Amino acid sequence: MTADIKRILITTVACFVVATSAFSIIDQDLVPLISPFFFTLLIILANLGQVKTNKLKAVGLGLMLTLPVFFVSVLAGVGLTQIFKNGQAGMIVSSAISAGLMFLVNSLYINMRSLKAGLGVTVVLGFVVGFIVQLIELYLPGANSLTGFIEDPGLFFICWQTLVGLGISIGIWVRVGQKMPAAG
């Protein structure tokens, strides 16, 4: 297995910074609609060398497909909440589904060195977002006010974009199954 740890960290930190900045700069009501576009643009720009098509087409396709993924995620969240009769369970499953969809959208125009492993990691990271948000709220109760996160949904979006960005970057920069060169 080989990995470009620096590129993975750059993408992950950039996702966190952009998501956090969006929630502190833009009107709280608009951020959930605008933030996914920033996220998509950031993933493309942070991994521009791995874009397998025309860069402008990749940006256009990414931005165009972000909206359907967002709406499918919201509808899945609402529907699953009704099916499970539990808002938390619906949100967790919806988060994992939307993480997988975002990974697959990015795989259309970005070279994924490890498609299956990257998709699996991204879905798992999307699945744990709700638990991480709960841990932050439980063990860092002042985190929302200290960092400028106005409401819990903001914290959720920031955690989701950071962790899913990590998963996508792992799919881009980690190669699984590659034989290591023999020593000496």
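Cut-off values and rules
Residues numbered from 1 in each chain as written. Predicted model: local features only at pLDDT ≥ 70, side-chain atom pairs only at ≥ 80, totals over all residues. Heavy atoms only, no water. Helix = DSSP H or I, 4+ residues; strand = E, 2+ residues; numbered from the N terminus. Buried < 20%, exposed > 50% of the residue type's maximum accessible area, 1.4 Å probe, protein only. Contact = heavy atoms within 4.5 Å. Areas by Shrake-Rupley, 256 points an atom, 1.4 Å probe, with all protein chains shown as cover. Phe/Tyr/Trp six-rings, centres within 6.5 Å; stacked < 30°, edge-to-face > 60°. 1 Å grid on protein atoms, 1.4 Å probe; cavity = no way out; pocket = protein on both sides within 12 Å on 5 of 7 lines; lining within 4 Å. Points joined across faces, edges and corners; volume = space filled by probe spheres on them. Core = buried A, V, L, I, M, F, W, Y, C linked by side-chain atoms within 4.5 Å. Expected span 1.5 Å × (residues − 1). Bend = angle between axes of the 7 residues up to and from the residue. pLDDT = per-residue confidence, 0-100.

**Q** Would you mind showing me how to read the overall build of the protein chain here?
**A** For the protein chain, the helix and strand inventory stands at seven helices and two strands. Tracing the protein chain from N to C terminus, the helices and strands come up as β-α-α-α-α-α-α-α-β. In the protein chain, buried positions account for 42% of the 184 residues. For the protein chain, contacts bridging at least 24 residues in sequence account for 75% of all contacts bridging at least 6. Of the roughly 9600 Å² of accessible surface on the protein chain, a fraction of 73% belongs to carbon and sulfur atoms.

**Q** Would you mind going over the packing of aromatic side chains with me for this structure?
**A** To describe a pair of aromatic rings, one takes the distance between the centres and the angle between the planes. Applying the stated criterion across every chain, the model contains three aromatic pairs. Between the aromatic rings of Phe39 and Trp160, the centroid separation amounts to 5.7 Å while the plane-to-plane angle is 55 degrees, which identifies the pairing as tilted. One end of the pair, Phe39, is in helix α2 (residues 31–46); the other, Trp160, is in helix α7 (residues 152–173), with 121 residues separating them in the sequence. Classification of Phe39 as buried rests on a relative accessible area of 3%.

**Q** Looking at this structure, I do not really get the layout of surface pockets. What am I missing?
**A** To find leftover empty space, one rolls a probe the size of a water molecule over the atoms. Here the largest pocket is characterised by a volume of approximately 370 Å³. Every residue lining the largest pocket is counted, 18 residues in all, and those nearest its centre are Phe70, Ser73, Val74, Ser98 and Phe157. For the lining of the largest pocket, the secondary structure elements donating two or more residues are α2, α3 (55–84), α4 (87–107) and α7. Examining the composition of the lining of the largest pocket, we find that seven residues originate from one element, α3, more than from any other.

**Q** Would you mind showing me how to read the nonpolar core here?
**A** Nonpolar side chains in soluble globular proteins tend to be buried together. Of all hydrophobic cores here, the largest spans 31 residues; its most connected members are Phe39, Met102, Ile110, Val129, Trp160, Val164 and Ile168. Looking at this core, the elements that each hand over two or more residues are α1 (5–25), α2, α3, α4, α5 (115–139) and α7. Element by element, the count of residues in this core is highest for α7, at nine residues. In this structure, Phe39 is in contact with Cys15, Met102, Trp160, Gln161, Val164, Gly165 and Ile168, ignoring residues within four places of it in sequence. Counting seven residues, the second-largest nonpolar core is a separate cluster that includes Ala19, Ala22, Phe23 and Phe70.

**Q** Where do I start with α5 in this structure?
**A** Each α-helix winds once per 3.6 residues, and so residues spaced three or four apart point in a common direction. The end-to-end C-alpha distance of α5 is 35 Å, a good match for the 36 Å that 25 residues give at a rise of 1.5 Å each. Bending of α5 peaks at approximately 40 degrees at the position of Val129. Along α5, the residues that are buried comprise Gly118, Thr122, Leu125, Gly126, Val129, Gly130 and Val133.

**Q** Help me understand the side chain of Ser95 in this model?
**A** Tracing the backbone through its elements, the reader meets Ser95 in helix α4. Among the residues examined, Ser95 registers a relative accessible area of 4% and is labelled buried. Once you skip the residues sitting within four places of it in the chain, Ser95 turns out to touch Gly126, Val129, Phe156 and Trp160.

**Q** Got a minute to help me understand the confidence of the model for the protein chain in this structure?
**A** Low pLDDT marks stretches whose predicted atomic positions should not be read closely. Scored by pLDDT, the protein chain has a mean of 84; 89% of the residues are at 70 or more. Within the model, pLDDT remains below 50 along residues 145–150, and this stretch shows six contacts once partners closer than five positions in the same chain are excluded.

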